[in-house]
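# Residue-level structural notes
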Protein chains: 2
Amino acid sequence: MEINQAIEKLYKLQAKLSAYNHASALIYYDGVTAAPKGTAANRGQTLSVLSEEQYILSTGKETVELLEFLDEHKAELSEKDARIVYLALKDIRDMQKIPMDEFVAYQQLLVEADDVWHTAKETDNFDLYCPILEKIFETEKRFAGYCAPEKHPYDYCLDKYENGLTMEKCDEFFAALKSRLVPLIKKISEKQQVSDKCLWGEFDESAQEKFSYDLMKTMGIDLNHCGLATTEHPFTISFGSHHDVRITTHYFKDNFASSMYSVIHEGGHALYDMGSADDLAYTLLDGGVSMGIHESQSRFYENLLGRSREFVSYIFPKLCEYFPEQMKNTTAEDVYKALNLVKPSLIRIDADEVTYCLHVMVRYELEKRVMSGELAVKDLPTEWNKLYKEYLGVEVPNNKQGVLQDSHWSGGSIGYFPSYALGSAYGAQLLRKMKQSVDIDECLRSGNFAPINDWNKENIWKHGRMMDPNDLLEKALGEKFDPFVYTDYLEKKYGEIYNI
Amino acid sequence: MEINQAIEKLYKLQAKLSAYNHASALIYYDGVTAAPKGTAANRGQTLSVLSEEQYILSTGKETVELLEFLDEHKAELSEKDARIVYLALKDIRDMQKIPMDEFVAYQQLLVEADDVWHTAKETDNFDLYCPILEKIFETEKRFAGYCAPEKHPYDYCLDKYENGLTMEKCDEFFAALKSRLVPLIKKISEKQQVSDKCLWGEFDESAQEKFSYDLMKTMGIDLNHCGLATTEHPFTISFGSHHDVRITTHYFKDNFASSMYSVIHEGGHALYDMGSADDLAYTLLDGGVSMGIHESQSRFYENLLGRSREFVSYIFPKLCEYFPEQMKNTTAEDVYKALNLVKPSLIRIDADEVTYCLHVMVRYELEKRVMSGELAVKDLPTEWNKLYKEYLGVEVPNNKQGVLQDSHWSGGSIGYFPSYALGSAYGAQLLRKMKQSVDIDECLRSGNFAPINDWNKENIWKHGRMMDPNDLLEKALGEKFDPFVYTDYLEKKYGEIYNI
């Protein structure tokens, strides 16, 4: 085989995989946006065919030989092509260890699980969800055994979302956060509470929708390549390449802030996905490198920018425009304070910045225990409620607002949650670095996201999966990751708000 | 090879083809419902990969050998399996004659064409659309040459939508219709015109949407397996099997009837698609057998039932419920008359029953001339307008309401239009037959579609593609097709309304 020919084959293979990913992702998206209720089995049938084709295409003899040939000649490849071969072989070596029928059956199970989770959440019925969630955890454990028998199964899961992450690193990271967050929360709780009354009222859904598009435009999201839909749980998804990205949100009639910050959060994911260099489209290098880096972008826009005094001062006149009745007798400063109310609560995605990581720690702790075999899936609600009481001091009134709130487990995403906390901390350090060259406060006050987006594009987005997440982060930062930059940021911001 | 093994392979092949069809159909549907404007190239990329896979799967050596083996043993196959082998071989023999790269390129071209057509219609710009429409007609001609060099290229096109249909048959059919419709229209034009004032006003889109769902329920459509969306041009599509069907409509703020009859029309298609026997799912026999039979169902519900005095008397109280202001001072009889106003007009899908077939004849005539090489695509607008003047006596004020109104050509559906007229005529004869055993008037007066649907299910729907369209029709009718049953129906109904 000639190298040129092999490279041509490699790009054809990637185009095929991108097409299958597009189809599978769209079938999932249709399932949670437009599909009628009784059609999950139909989608399962199609996804099982597509995932079998994907499996065969990825692990087939011809593919493996091609990649091994190119790997042997890696010295002659461009940096980009060498990276593609490296990532493809890494993915395939894992996949090959999982028997095809189990791989396919799992994809089908996840379609069903999504359907069951929606109904279980709607009807507050954990018992309905429990059997299929048990199967998901069992499958994850079994796959971990196939792919990385030398590792703890939960370490295998963590590594999938953040290359190199382990329980040991997580424990250390969460301990660092806890050492500073717990005293901070205590100090805040001793101060007079700010009011969030101005966030509540009656907020027309179509006005919220128009506001969402306005937010996306403000953030510099190209609406020609990014769509918006509503779902039970907000998320971001790409179809085949970074040229077609969709975000979703969930409108609540009594509160505008939940959807507003979902849009900004998912908008951050979308900007990252859409920011890959154009020549990465339809290759394995397109899109985000890890969920930790992904969350560093989403939570960066959501909190570090979106909940800043400067951004709120910019957005407040728009709030008055979309919700004139509700914003009467309210000031930008009222809204700023309300949006930064620190109050231990039940729902992760609506949590304030200070208590947010405790929500993540609850999930981390429970996943670890289930994956270690110390906790049965059926006991998750009891343990969930116990940990919420212990970490956050709140009573969980029902499973809908407790263990059923997130869609991650039904999607098979065990080990994802720590990315949110890691990403938040990455983001704070990226902000400090960015401030050396960008006048962020001025950008936010004037609603001009271009200089911020340019920095992120240059340092993070355009690289796609060219570097491992930690290398990418350290290169962008010019230093090692330090979780205390994040806690410093929180202490400073909330010290000012709460007069500590 | 054992026969049992071969049959197992045959079903696996069909499941794969169903999955690819699901993915491709969903990508199209996404493109016209939710996708951001700039994403067509991305969909084209994915569809080109999927259509290449479909082509290889359908025409590959292994598939052809399998089907030929089963064909040699057809005496030993069940009726169902023998039919599957027959249809698969028929499809493949056509497909094999088209070079793969041309097949794939055409799928990609159609994605682009859909996008161009939307913009051209929006901006009333035929020049923008002309070059790509030329390519579509050229490709259809070239493919006709590959697949059926012995035939006139337009006969090849007609046969794709109604097995066995030719220009000769069409000419005869349209001549029969014309011989009765032209005098009828003349007589009506000499009478005092009924008023359709009550259809016009301001109709809130969300009320129209709620009304759409109510109509679907009234028609007996299972909303667990049939979704509704809005698009520029209404259509019906299935995803992988009859268990997941979607219809679309288009709301106009100044008129409720357009969307109402789009919903009923597409609902008729959906009922047919969803009515396949369950054991046909994921096989080549699932869904409708031809577009003529399909339109016999859609136009049956839309007109023969939906525009009857009995149905209007049933639906009128609902209209008053959804549009109370607009229906004030109006009676069911006013609405019935208004919905049956005979008036030569510009838009096919909004045309009355009497003039409708003339709209079809314009398109038939133009397609025939372009496919014969007598008419250049660039001259379509001029000829369109000339024929509208000649057949319908109306002046076409712009291309948006003229040659750009339909989505069929941009989707490559050349030869489809005659199905609408044929289907309308099939429907009238089916109605006469059904009346022998079902009290249709009583069903419509009480909004009880079950006996009607049961008859259609038994005689049409459940058979899927088990029989050729003409055999299916004659079996259901117990006699040969006779277009004058349709003209008799029109003369009787409109004779009464217009006192002729």
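Cut-off values and rules
- Residues numbered from 1 in each chain as written.
- Chains lettered and ligands numbered in written order.
- Predicted model: local features only at pLDDT ≥ 70, side-chain atom pairs only at ≥ 80, totals over all residues.
- Heavy atoms only, no water.
- Core = buried A, V, L, I, M, F, W, Y, C linked by side-chain atoms within 4.5 Å.
- Buried < 20%, exposed > 50% of the residue type's maximum accessible area, 1.4 Å probe, protein only.
- Helix = DSSP H or I, 4+ residues; strand = E, 2+ residues; numbered from the N terminus.
- Contact = heavy atoms within 4.5 Å.
- Phe/Tyr/Trp six-rings, centres within 6.5 Å; stacked < 30°, edge-to-face > 60°.
- Lys NZ or Arg CZ within 6 Å of the ring centre and 35° of its normal.
- Buried area = accessible area lost by both parts, 1.4 Å probe.
- Salt bridge = Lys/Arg side-chain N within 4 Å of Asp/Glu carboxyl O.

### Quick look at the nonpolar core
Grouped together as the largest cluster of nonpolar side chains are 142 residues, with contacts concentrated most on Tyr-129, Tyr-301, Leu-380, Trp-409 and Ile-452 of chain A. A per-element tally of this core places helix 15 (residues 353-372) of chain A first, with eleven residues. Beyond its immediate stretch of four places on either side in the chain, Tyr-301 of chain A contacts Met-219, Ile-264, Gly-268, Leu-271, Gly-306, Phe-449, Ile-452, Asn-453, Asn-456 and Trp-461 of chain A. Counting residues in each nonpolar core, the second largest holds 141 residues, with Tyr-129, Phe-316, Ala-428 and Tyr-486 of chain B among its members.

### Brief notes about the packing of aromatic side chains
Residue and element names in this part refer to chain A. On inspection of all chains with the given rule, the structure shows 64 aromatic pairs over all chains. Relative to Tyr-314, the ring of Phe-311 lies with its centre 6.4 Å away and its plane at 35 degrees, an arrangement referred to as tilted. Taken together, the residues Phe-311 and Tyr-314, both in helix 12 (residues 309-322) and three residues apart, mark about one turn of the helix. In this structure Phe-311 comes out as buried when scored by relative accessible area, which is 2%. Owing to a relative accessible area of 21%, Tyr-314 belongs among the partly exposed residues under this scheme. Here Tyr-416 and Tyr-420 contribute two aromatic rings whose centre-to-centre distance is 5.2 Å and whose plane-to-plane angle is 40 degrees, an arrangement assigned as tilted. Put simply, the rings of Phe-137, Tyr-161, Tyr-356, Trp-384, Tyr-388, Trp-409, Tyr-416, Phe-417 and Tyr-420 touch in pairs and so form one group of aromatic residues. Geometry around Tyr-420 places Arg-348 over its ring, the cationic atom sitting 4.3 Å from the centre.

### Observations concerning the interface of chain B and chain A
Each partner contributes to the interface: chain B provides 37 residues, whereas chain A provides 36 residues. Taken as a group, Pro-36, Asn-42 and Tyr-282 of chain B account for 18% of the area that chain B buries against chain A, more than any other trio of residues on that side. Connecting chain B to chain A are six salt bridges. Between Lys-12 of chain A and Glu-52 of chain B there is a salt bridge, with its nearest N and O atoms 3.1 Å apart.

### Some points on the environment of Ile-414 of chain A
Residue and element names in this part refer to chain A. Tracing the backbone shows Ile-414 in the loop between helix 16 (380-392) and helix 17 (418-434). A relative accessible area of 0% means that Ile-414 is categorised as buried. Distance in space between the C-alpha atoms of Ile-414 and Arg-363 is 9.6 Å, their sequence separation being 51 residues. Once residues within four sequence positions are removed from consideration, Ile-414 is found in contact with Ile-136, Phe-137, Glu-140, Tyr-154, Cys-157, Tyr-161, Glu-367, Met-371 and Trp-409.

### Remarks on unusual backbone geometry
Residues and elements named next belong to chain A. The residue Asp-124 is not glycine, and still its phi comes out positive at about 50 degrees. Relative to the helices and strands, Asp-124 is located in the loop between helix 5 (100-122) and helix 6 (126-147). Here Asp-124 falls in the partly exposed class, since its relative accessible area comes to 33%.

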